[in-house]
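Listed below are the residues making up each chain.
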Amino acid sequence: MVGKHNGQFQPLQRYAHITGWGKALPDRVVTNDELAQIVDTSDEWIRTRTGIHQRYVAIDANETTATLGARAARAALEKADLPIGKLDLIICATSSPEHLFPSTASLIQDALGATRAGAFDLSAACSGFVYGLALARGMIASGQADNVLVVGAETLSRIVDWSDRNTCVLFGDGAGAVLLQASATPGGVLSTVLGSDGSGGDLLAVPAGGSKQPATLETVAAGQHFIKMDGRAVFRFATRVMADATREVLGKAGLEVGDVDLVIPHQANERIIRLSMKQLGLPEEKVFINLQYYGNTSTASIPIALCDAIEQERLQPNDNMVMVGFGAGLTWAASAIKWVGPVSREAPLWRAGQRTATYGLAQMRSRLLRLSRKMEGTLMTEEGDALSEALSKRIERWRRSSKE
Ligand code: ACO
């Protein structure tokens, strides 16, 4: 992008705007009363200590972090009316990836048929989505990418110990995604703050299953593959960093707390959010809370909240918004955003059909590629066998001739 200034052509500054957004949830809602039937808890305890009323749980084994992420991503791309082929990068922030590798982002890339896009996972727990925004903004501002998809996707229900009341009441499954696009219009992601304090790594962790403590019968028997948390310590940490990170990110953007129109905080606990916002002196109507419906969906909580805030018309063009989160690591992250509002693009009527066809083709392409790889392997083996047979015959002939 270039523009003319004082008669000279100069590179224009590139801004990263959110132009598409989407969310995806599993079908099954689990209420607090249902949880009270499996662990020693009550609806009253969960509501008063956390604010959570219910959460979505991926009961269907075919619903995974990648399928939820891909659904949210499709919704975001549709909103922005961006052809899949123009996507440059997919960042998937997740605390419950499908595998150690391949990345969940690559699985989403395959499901979308985004053949021109790079893809990788980002691990910063619940702060991951805002970390992803920071990276996407950097890629766009430096001219390395024009269209970046940031996904937060989770199936935390698969790594929660359903007999541990300290954790199982808190988390939920779901995904949210945003598309960031390069623009010469000032605004979009104005500033970001990223933080980490690894000395608190043990306060919230899945201890086994990585390279430090690989899976063994003992680790499985000891429940070391489930989320372990010191809730009180995480609570204290969260109420310390949320307000500080918000102030810092606003300062970097040249804004003050009074300039903020809406804060979208990580949806972990209503008490953490209210205490943090009180420290900032922000009135309730400027803080978005939807955790009562979803529980803590980790990396997905902020993009899901963004979708709901837009749906409820809590954001207007030119509003100043802050997204702020904290999580395992320990990590924290904040981003100040000038909201430009929906980019209204008149998508032609045939576009919906074209999209469905594209996703169908993506599935077919993926199957064909898998099949061709298998065939390639078979051919190579046959060729290899034929070659070694020919070589053995030659060696045998040479042996015979040398004997004669
Ligand atoms: N039902 C009933 N009682 C419970 C439950 C439950 N579900 N869970 C814990 N209790 C009990 C505890 O055992 C404790 O009993 P005790 O006093 O006999 O030991 C009592 O309730 C009070 O426990 P506290 O820990 O003091 O309760 P607190 O008010 O701190 O609330 C909570 C606990 C909700 C976990 C809170 O500390 C919290 O939200 N912490 C932050 C957790 C968080 O946000 N984690 C996610 C981070 S993001 C990420 O990266 C995934």
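Quick note: structure is the one above.
Everything quoted here is computed from the prediction, not taken from an experiment.

Talk me through the sheet that holds strand S14 (residues 320-327); I want residue IDs and the actual numbers.
In spatial order, the strands read S10-S15-S14-S13; together these 4 strands make up an open sheet with mixed pairing. Looking at which strands have only one partner, the edges of the open sheet turn out to be strand S10 (188-196) and strand S13 (262-265). Strand-to-strand, the axes of this sheet are offset by a mean angle of 15 degrees, without reference to chain direction. Across 8 bridges, S10 lies against strand S15 (residues 331-338) in antiparallel orientation. When the bridges of S15 are listed, Thr-192 appears paired with Ser-335. Strands S13 and S14 of the sheet are contacted by helix H11 (residues 301-311), whose axis makes an angle of about 145 degrees with S13.

Outline the site of the ligand, supporting the account with residue identities and numerical values.
Surveying the vicinity of the ligand reveals 24 residues, the closest of which are Thr-41, Ala-125, Gly-231, Ala-268 and Gly-327. Looking at the shell around the ligand, the elements with two or more residues in it are helix H2 (43-50), helix H6 (165-168) and helix H8 (231-252). For the shell around the ligand, the leading source of residues is H8, giving 5 residues. Its residues assigned to classes, the shell around the ligand shows 12 nonpolar, 9 polar and 3 charged.

How would you explain the pairing of S15 if you had to name every residue and give the values?
Counting buried positions along S15 yields 8 of 8 residues, so the element is predominantly enclosed. Every second residue of S15 is oriented toward a common face, with Thr-331, Ala-333, Ser-335 and Ile-337 on one face and Trp-332, Ala-334, Ala-336 and Lys-338 on the other, all of them buried. Looking at chain direction, S14 and S15 are connected through 8 bridges and run antiparallel. Bridge pairing in S15 places Met-323 opposite Ser-335. Here S14 hands over to S15 after 3 residues, with Gly-329 in that stretch at a positive phi of 145 degrees.

Please set out the nonpolar core residue by residue, giving values where relevant.
Formed by 112 residues in total, the largest nonpolar core has its most connected members in Ile-90, Ile-91, Ile-108, Val-150 and Val-151. Ranked by the residues each element gives to this core, the list is headed by helix H5 (residues 128-141), at 9 residues. Sequence-distant contacts of Val-151, defined by excluding residues within four places in its chain, comprise Gly-69, Ala-72, Ala-73, Ile-90, Ile-91, Cys-92, Ala-93, Ile-108, Ala-175 and Ala-177.

Requested: an account of the sheet that holds strand S9 (residues 174-183), with residues and values cited.
Ordered by their spatial adjacency, 5 strands build an open sheet running S3-S9-S8-S6-S7, and the pairing between neighbours is mixed. Each having just a single partner strand, strand S3 (15-24) and strand S7 (118-122) make up the two edges of the open sheet. Shown here is a sheet whose adjacent strand axes are inclined to one another by a mean of 20 degrees, direction ignored. By the bridge criterion, 5 bridges tie strand S6 (residues 89-93) to strand S8 (residues 147-154) in an arrangement that is parallel. Within S8, the position partnered with Leu-89 by the bridge is Val-148.

Cut-offs and rules
Residues numbered from 1 in each chain as written. Predicted model: local features only at pLDDT ≥ 70, side-chain atom pairs only at ≥ 80, totals over all residues. Pairing = 2+ DSSP bridges. Helix = DSSP H or I, 4+ residues; strand = E, 2+ residues; numbered from the N terminus. Axes fitted to C-alpha atoms, helices over the stretch in contact; angles between N-to-C directions. Contact = placed C-beta atoms within 7 Å. Near = placed C-beta within 6 Å. Nonpolar A, V, L, I, M, F, W, Y, C, P; charged D, E, K, R; others polar. Buried ≥ 20, exposed ≤ 12 C-beta atoms within 10 Å, placed from the backbone. Core = buried A, V, L, I, M, F, W, Y, C linked by C-beta atoms within 7 Å.

Read these as spatial facts, not as claims about activity.
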